[in-house]
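# Structural overview for review
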Amino acid sequence: MRQLRIFFRVVVETFLGLKHSGWSNWLVVSILTIALTIFGSILQLTMTLKNVVNSFGSQMVISAYLDNNHEPRNVAREVSQFNEVRLVEVVTKDVAWEDMKKNLKVASIPNPLPNTLHITVYSPEQVEKLAPKLKLLPAVEAVKYPLMVARRINEIRHFFEIAGVAVTAALTTATLTVIGNTIHLVIQARKREIEILSLMGVGHFYIKCPFVLQGAIYGALAAALAMVVLLVMQFYVVQPYMLSHLVSFVSLLPQQLEYSLVQTFTVMLVLGVAVGAGGGAWTSGRYIKI
Amino acid sequence: MIRLQNVSKTYGGRPALKDVNLHVALGEFAFLVGPSGAGKSTLMRLLYREEVPTQGSVFIGGVNLTKLSSRQIPLLRRRLGIVFQDYRLLPNQTAFDNVAYILRALGVEESEVRKRVSSALNVVNLDDKAGHYPDQLSGGEQQRVGIARAIVNGPPVLLADEPTGNLDPATSLEIVQLLARISQRGTTVLVSTHDQTIVNAMRRRVISLRQGEIVTDVDCGVYEVEVGQS
């Protein structure tokens, strides 16, 4: 009960500190919100791409694009002779064109699509064995399989990861500096009070904890605002445009490719609070000498 | 209750205290006198562990302050009441809240806080000014709030560092008489001052410091100021 009363007083001191900080509160929260929004977006994007890559990696389908001089059913028969092949599905250029017109707005032009075979193998490892054999067939113009695309996406993902870490690190450093300066100003404003408290025998926890909590509140507030920004982006940009197009292009993939927003939000909240509280702890440790 | 053993303190090679030995018993009232720069404030700061001696040991209630860790310092200070020349009150809090602050910070129940603060304000005769802010009080009243704050936690030792430095002679005497009354309740009181009038009026133990050394220590003494000494 005694500890609870002390904690209550610490919370009161924290809010007094926030009141002291005035407009600087919003400066800190704004910068931290920008940092967390960028961090959250990159986390969401890279994790979603990772899901796509994983999903591609487990696919056992090869697409073979045929030239127009060969009858697709004959080629399908020839392909089905390979040991690795479990199933061959023929998608004629007319069917593919009709499908595309259903999903996308396309101009009135002659059908540019080739006849395609979707070849399913028995195991994912057989994809890379069969693909070179298919390329050798005279009727086959090009071969594509998800693993190939997956490698490209992985390269992009790595770029985003590195860029994300760099941007987040730079913004976190900037945020720590601003939090440090803001809390330093509060410490300066309360210098005399802190000195009196120290001489009265008030403990280190009671004196320093409000500054740590103040930083944590900045982090939590910034994380909440960054979540709102991400939700708005999710509903008005990502879902209607990017994700639906991605899924329509890759119809063979499962629909749940997107990384869970709840997980992203949890990471953002934890990071925000950790950066804020860490900034408060560092500043109070540096400037309050008891 | 207070004991200094061969205590020396230097600042950058300049000695502030030189081989000081001192003992103040439980419930005793003593003046620490001397001109500016004699080492009074340094000695007081050693007692509330704002400073550590360069040599020697400082004991309060048997605890060697030189061996305290920084985490133990607040525990020591809760056993001390400290009164300052400039009162050091929180300007945005009432007299009541200034006195109550330490109790609330220690998690004392609010009903107990009210009881103990009222009692402390009663001792310093400020019951009727509990709701006043520091800037609504006179210097003497602000110092009495400072004393109430120092005694509210029932410390066995009360240290007053130049408590009358900013007050007129009549108020100064009132403040020192108040400290003497507190001492009668069993609290050890050490008052540093260079105010000759109040020391001589009280006729209590007088410890004289000069250039960092104790030159006299008289049980019922006076403070003799040399010509040219402030």
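Everything numeric here is computed off the predicted structure, so don't read it as measured data.

The subject of this paragraph is the overall build of chain B. A count of helical and extended segments in chain B gives 7 helices and 10 strands. The buried share of chain B, taken over its 230 residues, is 45%. If you take every contact in chain B between residues at least 6 apart in sequence, the share linking residues at least 24 apart comes to 67%.

Attention now goes to the overall build of chain A. Within chain A, the secondary structure is distributed over 9 helices and 4 strands. For chain A, the sequential pattern of α-helices and β-strands runs α-α-β-α-β-α-β-α-β-α-α-α-α. Every one of the 290 residues in chain A was classed for burial, and the buried ones make up 32%.

Before going further, it helps to examine the sheet that holds strand S4 (residues 140-144) of chain A. All names here are of chain A. Judged by pairing direction, the sheet is antiparallel, and its 4 strands sit side by side in the order S2-S3-S1-S4 without closing on themselves. Only two strands of the sheet have a single neighbouring strand rather than two, namely strand S2 (85-91) and S4. Each strand axis lies, on average, 25° off the axis of its neighbour in the sheet, ignoring direction. Bridging between S2 and strand S3 (residues 116-121) involves 6 bridges; their strand directions are antiparallel. Directly across from Val91, in S3, lies its bridge partner Thr116. This element, helix H3 (residues 72-79), spans strand S1 (61-66), S2 and S3 of the sheet and lies at about 170° to S2.

The next point concerns the environment of Phe265(A). Residues and elements named next belong to chain A. Within the secondary structure, Phe265 sits in helix H9 (residues 261-287). Overall, the presence of 20 C-beta atoms within 10 Å leaves Phe265 in the buried class. Note: C-alpha distance between Phe265 and Leu43 (222 residues apart in sequence) is 10.0 Å.

Turning next to the confidence of the model for chain B. For chain B, per-residue confidence averages 90 on the pLDDT scale, and residues scoring 70 or more make up 98% of the total. Interface predicted TM-score (ipTM) for the complex: 0.83; the corresponding pTM is 0.70.

Each partner contributes to the interface: chain A provides 16 residues, whereas chain B provides 14 residues. Sorting the residues of the side of chain A that touches chain B by element identifies helix H1 (2-21), helix H7 (191-200) and helix H8 (204-249) of chain A as the ones contributing at least two each. Among the residues forming the side of chain A that touches chain B, the class breakdown is 8 nonpolar, 4 polar and 4 charged.

Turning to the pairing of strand S1 (residues 2-11) of chain B, a few remarks are in order. Residue and element names in this part refer to chain B. With 7 bridges joining them, S1 and strand S2 (residues 14-24) adopt antiparallel strand pairing. Among the inter-strand pairings, Val7 is bridged to a residue of S2, identified as Val20. Between the antiparallel neighbours S1 and S2 lie 2 residues, among them Gly12 with a positive phi of about 55°. In terms of strand pairing, S1 meets strand S4 (residues 55-60) through 5 bridges, oriented antiparallel. Bridge pairing links Gln5 to Ser57 in S4.

What follows deals with the environment of Thr175(A). All names here are of chain A. Turning to its location among the elements, Thr175 is positioned in helix H6 (residues 146-189). Thr175 gets classed as buried once you count the C-beta atoms within 10 Å, which come to 27. Distance from Thr175 to Ser30, taken between C-alpha atoms, is 9.4 Å for residues 145 residues apart in sequence. Look past the residues within four positions of Thr175 in its chain and what remains in contact with it is Ile31, Leu32, Ala35 and Val275.

All names here are of chain B. Ordered by their spatial adjacency, 6 strands build an open sheet running S6-S7-S8-S3-S9-S10, and the pairing between neighbours is mixed. Of all strands in the sheet, those bounded by a partner on one side alone are strand S6 (80-84) and strand S10 (213-218). Here the strands of the sheet are splayed against their neighbours by 15° on average, with no regard to which way each runs. With 5 bridges joining them, strand S3 (residues 29-33) and strand S8 (residues 188-193) adopt parallel strand pairing. Across the sheet, Leu32 pairs through a bridge with Ser192, a residue of S8. Running at roughly 165° to S6, helix H5 (residues 139-151) makes contact with S6 and strand S7 (157-161) of the sheet. Running at roughly 160° to S8, helix H6 (residues 169-184) makes contact with S3, S7 and S8 of the sheet.

What follows covers H3(A). All names here are of chain A. Within the span of H3, buried status applies to Pro72, Val75, Ala76 and Val79. Take H3 and look down its axis: the buried residues cluster within an arc of 105°, on one side only. Exposed and facing more than 90 degrees away from the buried side of H3 are Asn74 and Arg77. Summarising the contacts, the buried residues of H3 are in contact with S1, S2, S3 and helix H5 (126-135).

With that out of the way, let us pick up the nonpolar core. With 106 residues, the main nonpolar core has Val99(B), Ala148(B), Leu158(B) and Leu159(B) as its most contacted residues. A total of 14 residues in this core trace back to one element, the largest contributor, which is H8(A). In contact with Ala148(B), not counting residues within four places along its chain, are Val99(B), Ala120(B), Leu121(B), Val123(B), Val124(B) and Leu126(B). Residues Ala76(A), Val88(A), Leu130(A) and Ala139(A) belong to the second largest nonpolar core, which totals 19 residues.

Before going further, it helps to examine H9(A). If you check H9(A), its first and last C-alpha atoms are 38 Å apart, about what 27 residues at 1.5 Å a residue would give, namely 39 Å. Listing the buried residues of H9(A) in full gives Thr264(A), Phe265(A), Met268(A), Leu271(A), Gly272(A), Val275(A), Gly276(A), Ala277(A), Gly279(A), Gly280(A), Thr283(A) and Ser284(A).

With that settled, the discussion passes to unusual backbone geometry. Residue and element names in this part refer to chain B. A positive phi angle is found at Asn6, which is not glycine, with a value near 45°. Positive phi outside glycine occurs at Asp19, with the angle close to 45°. As for its position among the elements, Asp19 is in strand S2.

Residue and element names in this part refer to chain B. Running from amino to carboxyl end, helix H3 (residues 95-105) crosses helix H4 (residues 110-123) at an angle of 130°, the nearest separation of the two axes being 9 Å. The angle between H3 and H4 falls in the class oblique. Where H3 crosses over H4, the two elements pack in a sense that is right-handed. On H4, the residues that touch Ala95, Phe96, Val99, Ala100, Leu103 and Arg104 of H3 are Val113, Arg116, Val117, Ala120 and Leu121. Per-class residue counts for the contact of H3 with H4 are 9 nonpolar, no polar and 2 charged.

Conventions we followed
Residues numbered from 1 in each chain as written. Chains lettered and ligands numbered in written order. Predicted model: local features only at pLDDT ≥ 70, side-chain atom pairs only at ≥ 80, totals over all residues. Helix = DSSP H or I, 4+ residues; strand = E, 2+ residues; numbered from the N terminus. Buried ≥ 20, exposed ≤ 12 C-beta atoms within 10 Å, placed from the backbone. Contact = placed C-beta atoms within 7 Å. Pairing = 2+ DSSP bridges. Axes fitted to C-alpha atoms, helices over the stretch in contact; angles between N-to-C directions. pLDDT = per-residue confidence, 0-100. Nonpolar A, V, L, I, M, F, W, Y, C, P; charged D, E, K, R; others polar. Arc of directions from axis to C-beta. Core = buried A, V, L, I, M, F, W, Y, C linked by C-beta atoms within 7 Å. Expected span 1.5 Å × (residues − 1). Parallel < 35°, antiparallel > 145°, perpendicular 65-115°, else oblique. Left-handed = near helix turned anticlockwise from the far one by under 90°.

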